Amino acid sequence: MRNTRRMGMAFGLLAATGLLAAGCSSEDSEVSTGGTATSAPGGANCPKDLKIGFFGALTGSDAALGINERNGMRVAFERYKKESGCEVKLEPYDSQGDPAQAPGLASKAVGDSKVVAIIGPAFSGESKQANPIFNEGGLPIITPSATNAALSKNGWKIFHRAVANDDLQGPAAAKFIIGKGAKKIAVIDDASEYGKGLADIVRTKLKEGGATTDVNEAIDPKGSDYSSTVNKVKAANVDAVFYGGYYESAGRLMKQLRDGNVAATFVAGDGSLDAKFLDSASGKGEGAVLLAPGNYTATDQAFIDEYKKLNGGAEPGLYSVEGFDAANHVLAALKAGKTTRADINAYVSTTPYQGLLKNYQYQADGELQGGGDIIVHEVNGGKITLVGPVK
Amino acid sequence: MPSIFAAFEPGAVLTSFWPSVIDGLALGSLYALVALGYTLVYGVLRLINFANSEIFMIGTAGALVGTSLLGISLADPTQAGLGLALALLVCLVISMAFGGAAAVLLELLAYRPLRRRGAPRLSFLISAIGSSLFLAELFARPWLLGRDRKPVPEIVDHAAIFTFKGAIVSLDKVIVIVGALVMMVVIDQFVRRSRLGRGIRAVAQDPETATLMGVNIDRVVTFTFLLGGLMAGAAGLLYEVRFPGTKFDIGFIFGIKSFTAAVLGGIGNLRGALVGGIVLGLLEAFGGAVFGSEWIDVIGFTILVVILMFRPTGLLGESLGKARA
């Protein structure tokens, strides 16, 4: 009884604060710094007064990914300005990750004829609402992080996904675990749609690959004590533990496993790939393997330096590189003289672009050619480091 | 998944008997300490103080303040020997002070005005729910805990001291179990033997007669909240010893579980809180081992319902007022 009452009130409160925040948040469009387009060299050939939008959460509790992507875009705009002397505006559409706000913002972007492309939407939920509107308006989009597999099955002509989708993550995780020589594996999830969905795919693929799942458990991500799970994993003497769930419970589970003398490799998906994973693991996160469709950190030092300079010292985070690459893909279209939505869409859809770490060539449905890679990250020396794609 | 009980392993009762006992006791003693806060206030006021879970949360924040005052860093948190004793003592005092102060303030601001106006019982309940939400959201402000999990230095080493038939016995578990038991005994004896304790029991038994006998009800009520808050604060620290890290909503689930423990043991009964907490902790440990962790809550609550069917007032059933000196 208490639960429902409190939850009801909590939702009411959340809704109210959401409204307030929505009312307050309006970030002015940014201009890549420096002089005006006309005074710069090559100014005569510049496309006039164009904007590229970013669509995703920039404020609110889920804003981390959106901010990473937007920050990555800033580097692309800055470099474009330096190279061509032209100026393109970055127009932010801050959805707060809220699917309810997405249609209004999408219509606003479509209605602004100066907006020729959108990087985003960042999340799958808002994508379902906004993408039909973008499709209607012929406004090309490249999402750096919406990984729901069904998004590419809607026949949207403007849809491009710069990362692998969720369907590829589970098989890649199983492949990685088996590739490490693990035979007995514990697969644990948080009973959420994401966590259980991912863990179930991993379970199936592990069995297909000849390994056994000796412990199958679901834990309560809000619970405190995972000892009964830890005791089982300990008793089963497994080689690896896969966890389907988010970083907070992932960190605490890993800590309790290590406290319980379980030394098996800890592997988790993109929901656990966050710096806060290390906080939750209270110093026991070393050696954790975290998989994601995107790059958590960059390896290109020039990119990192410029990123930090443009973003007040912030380090590149998950999907920053994808945001940078996606923006560059659109800017490459501008450089090729494409200035209308239809032309840019055709360019992005057909012309491959070599990004920082991978090649972006899109299939007809907007997925990457070959589906894209799942990237391995490892906690090393108290930091999340990039290892490379699952081979 | 072949069946819903995919992880069903009846043999686990035996194979993981000792690990379940140790872990269940450690968890159960934490439930018991928080349950004290619910049971004391209920015994005196017939009020379920839902905000007790947030008092517990404030207690966990006390550990954060204590460790930072002592300059214990996240990078090298583990203390030993005298340093550990000092750190625990400082943090315990701060956590209990936080918990006690918050509980007394809560009583003064949220409940006393209602009592003065003779408000119906339902108003108290709504006030309790409101205070609970208010405190959680207050601590979610960026200048307090924020919305993200805050890491707390792990002052007690979690490494095994020894293993006993597969059960890992570590210092944090020992401190939690012993610490909680000592607190429970102290408060039980206090309520049974001291003058103020007699006042608490008198008001619990019959508030009107107690007033006629010269008991200052307001003082007794404030004191009851103080005791409950001190215990919830201490529970907050012990929780941090066992599970380092806190968050603004950390008390929510833990509070529900502790309230369940109070009802299981017999709400209003101090020893019932202890029994209920330990029983619930053990049920969760063994339930998780046999049926799989996803069934922990189902098992806990099923047994609660069954026990309440046969013993509607809980395992020990007796109320605070009837406790003998």
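Everything discussed here concerns the structure shown above.
From a predicted model like this one, the values you see are computed outputs, not experimental measurements.

### Observations regarding the overall build of chain A
In terms of helices and strands, chain A carries twelve helices and 15 strands. Taken over 391 residues, chain A has a buried fraction of 55%. By sequence separation, contacts in chain A at least 24 residues apart represent 69% of the contacts at least 6 residues apart. For chain A, the accessible surface area stands at approximately 15,300 Å², while carbon and sulfur atoms represent 54% of it.

### Focus on the pattern of salt bridges
Applying the stated criterion to the full structure yields 35 salt bridges over all chains. A salt bridge links glutamate 83 of chain A to lysine 335 of chain A; its shortest N-O distance comes to 3.0 Å. With glutamate 83 of chain A in helix α2 (residues 64-84) and lysine 335 of chain A in helix α11 (residues 320-335), this pair connects stretches of sequence that are 252 residues apart. Glutamate 284 of chain B is the partner of lysine 257 of chain B in a salt bridge, and the nearest nitrogen-oxygen pair spans 3.3 Å. A residue pair is termed long-range when its members are at least 10 positions apart, and lysine 257 of chain B in helix α10 (residues 250-265) and glutamate 284 of chain B in helix α11 (residues 270-291) qualify at 27 residues. Each of Glu107, Arg112, Arg115, Arg116 and Asp218 of chain B takes part in a single network of salt bridges with overlapping partners.

### Observations regarding the state of the cysteines
Residues and elements named next belong to chain A. Across all of its chains, the model carries one disulfide over all chains by this definition. Between the sulfur atoms of cysteine 46 and its disulfide partner cysteine 86 the distance amounts to 1.9 Å. The sign of the S-S torsion, about -90°, decides the handedness of the disulfide formed by cysteine 46 and cysteine 86: left-handed. With cysteine 46 in the loop between β1 (30-31) and β2 (51-56) and cysteine 86 in the loop between α2 and β3 (89-94), this residue pair connects regions lying 40 residues apart in the sequence. Here cysteine 46 and cysteine 86 have matching classes, each one buried.

### Regarding the packing of aromatic side chains
All names here are of chain B. Counted under the stated rule, the structure contains 19 aromatic pairs over all chains. A ring pair is formed by phenylalanine 190 and phenylalanine 223, whose centres lie 5.7 Å apart and whose planes are at 35°; its orientation type is tilted. Separated by 33 residues along the polypeptide, phenylalanine 190 in helix α6 (residues 171-193) and phenylalanine 223 in helix α9 (residues 217-242) bring together distant segments of the chain. We classify phenylalanine 190 as partly exposed; its relative accessible area is 27%. Judged by relative accessible area, which is 17%, phenylalanine 223 ranks as buried. Taken together, the aromatic side chains of Tyr31, Phe56, Tyr239, Phe243 and Phe254 make up a single cluster linked through ring pairs. Across the ring face of phenylalanine 248, the terminal group of arginine 147 is positioned such that the distance to the ring centre comes to 5.0 Å.

### Things to note about the interface of chain A and chain B
Every contact between the two is made by 36 residues of chain A and, on the other side, 44 residues of chain B. In total, chain A and chain B occlude about 3,300 Å² of area from one another, counting both sides; carbon and sulfur atoms represent 56% of this. Along the contact surface separating chain A from chain B lie five salt bridges. The salt bridge partner of lysine 276 of chain A is aspartate 148 of chain B, with a shortest N-O separation of 3.6 Å. Across the contact surface, chain A and chain B share ten residue pairs in polar contact (both at pLDDT 80 or more). At the level of secondary structure, the elements contributing two or more residues to the side of chain A that touches chain B comprise α1 (2-24), α6 (193-208), β8 (212-218), α7 (227-236), α8 (247-259) and α9 (276-280) of chain A. The element best represented in the side of chain A that touches chain B is α1 of chain A, accounting for eight residues. Residue classes in the side of chain A that touches chain B are distributed as seven nonpolar, twelve polar and 17 charged.

### Re the pairing of β2 of chain A
All names here are of chain A. Of all six residues making up β2, six are buried, and the element is well covered by its neighbours. Along β2, one buried face is formed by Lys51, Gly53 and Phe55 and the opposite face, lined by Ile52, Phe54 and Gly56, is buried too. Bridging between β2 and β3 involves six bridges; their strand directions are parallel. Looking at the pairing, glycine 53 lines up with glutamate 91 of β3. Of the pairings in the sheet, the one linking β2 to strand β4 (residues 115-119) comprises four bridges and is parallel in character. Residue pairing in the sheet places glycine 53 in a bridge with isoleucine 118 of β4.

### Some words on helix α5 (residues 121-139) of chain B
With 19 residues, α5 of chain B extends 27 Å between its outermost C-alpha atoms, agreeing within 8% with the 27 Å of an ideal straight helix rising 1.5 Å per residue. All of the buried residues along α5 of chain B are Phe124, Leu125, Ser127, Ala128, Ile129, Ser131, Ser132, Leu133, Leu135, Ala136 and Phe139 of chain B.

### Structural notes on the nonpolar core
If you look at the biggest cluster of nonpolar residues, it comprises 84 residues, and the most contacted ones within it are Leu33, Leu36, Phe56, Tyr111 and Phe254 of chain B. Counting residues per element, this core draws most heavily on α9 of chain B, which supplies 13 residues. With residues near it in sequence (within four places) discarded, phenylalanine 254 of chain B still touches Ser224 of chain A together with Leu27, Leu30, Tyr31, Val34, Phe56 and Tyr239 of chain B. Formed by 38 residues, the second largest nonpolar core is a distinct cluster that contains Leu50, Phe324, Ala327 and Leu331 of chain A.

### Digging into the packing of α6 of chain B against α11 of chain B
Residues and elements named next belong to chain B. Running from N to C, α6 and α11 cross one another at 160°; their axes reach a closest spacing of 9 Å. The angle between α6 and α11 places the two elements in the roughly antiparallel class. Judged by the sense of rotation from one axis to the other, the crossing of α6 with α11 is left-handed. Only Leu270, Arg271, Ala273 and Leu274 of α11 make contact with α6, whose side of the interface consists of Leu181, Met184, Ile187, Asp188, Gln189, Val191 and Arg192. Residues belonging to the contact of α6 with α11 are distributed by class as follows: seven nonpolar, one polar and three charged.

### Side note on the packing of helix α2 (residues 17-45) of chain B against α9 of chain B
Helices that pack against each other are described as a pair by the angle of their axes relative to one another and the distance between those axes. Residue and element names in this part refer to chain B. At a minimum axis distance of 9 Å, the contact between α2 and α9 shows a crossing angle of 165°. Between α2 and α9, the interaxial angle falls into the category roughly antiparallel. Here α2 and α9 pass one another in a crossing that is left-handed. Residues Asp23, Ala26, Leu30, Leu33, Val34, Leu36, Gly37, Leu40, Val41, Val44 and Leu45 of α2 lie in contact with α9, whose contacting residues are Val221, Thr224, Phe225, Leu227, Gly228, Met231, Ala234, Ala235, Leu238, Tyr239 and Arg242.

Definitions and limits used
Residues numbered from 1 in each chain as written. Chains lettered and ligands numbered in written order. Predicted model: local features only at pLDDT ≥ 70, side-chain atom pairs only at ≥ 80, totals over all residues. Heavy atoms only, no water. Helix = DSSP H or I, 4+ residues; strand = E, 2+ residues; numbered from the N terminus. Buried < 20%, exposed > 50% of the residue type's maximum accessible area, 1.4 Å probe, protein only. Contact = heavy atoms within 4.5 Å. Areas by Shrake-Rupley, 256 points an atom, 1.4 Å probe, with all protein chains shown as cover. Salt bridge = Lys/Arg side-chain N within 4 Å of Asp/Glu carboxyl O. Disulfide = S-S within 2.5 Å. Phe/Tyr/Trp six-rings, centres within 6.5 Å; stacked < 30°, edge-to-face > 60°. Lys NZ or Arg CZ within 6 Å of the ring centre and 35° of its normal. Buried area = accessible area lost by both parts, 1.4 Å probe. Polar contact = N/O pair within 3.5 Å; in protein donor to acceptor, adjacent residues only side chain to side chain. Nonpolar A, V, L, I, M, F, W, Y, C, P; charged D, E, K, R; others polar. Pairing = 2+ DSSP bridges. Expected span 1.5 Å × (residues − 1). Core = buried A, V, L, I, M, F, W, Y, C linked by side-chain atoms within 4.5 Å. Axes fitted to C-alpha atoms, helices over the stretch in contact; angles between N-to-C directions. Parallel < 35°, antiparallel > 145°, perpendicular 65-115°, else oblique. Left-handed = near helix turned anticlockwise from the far one by under 90°.

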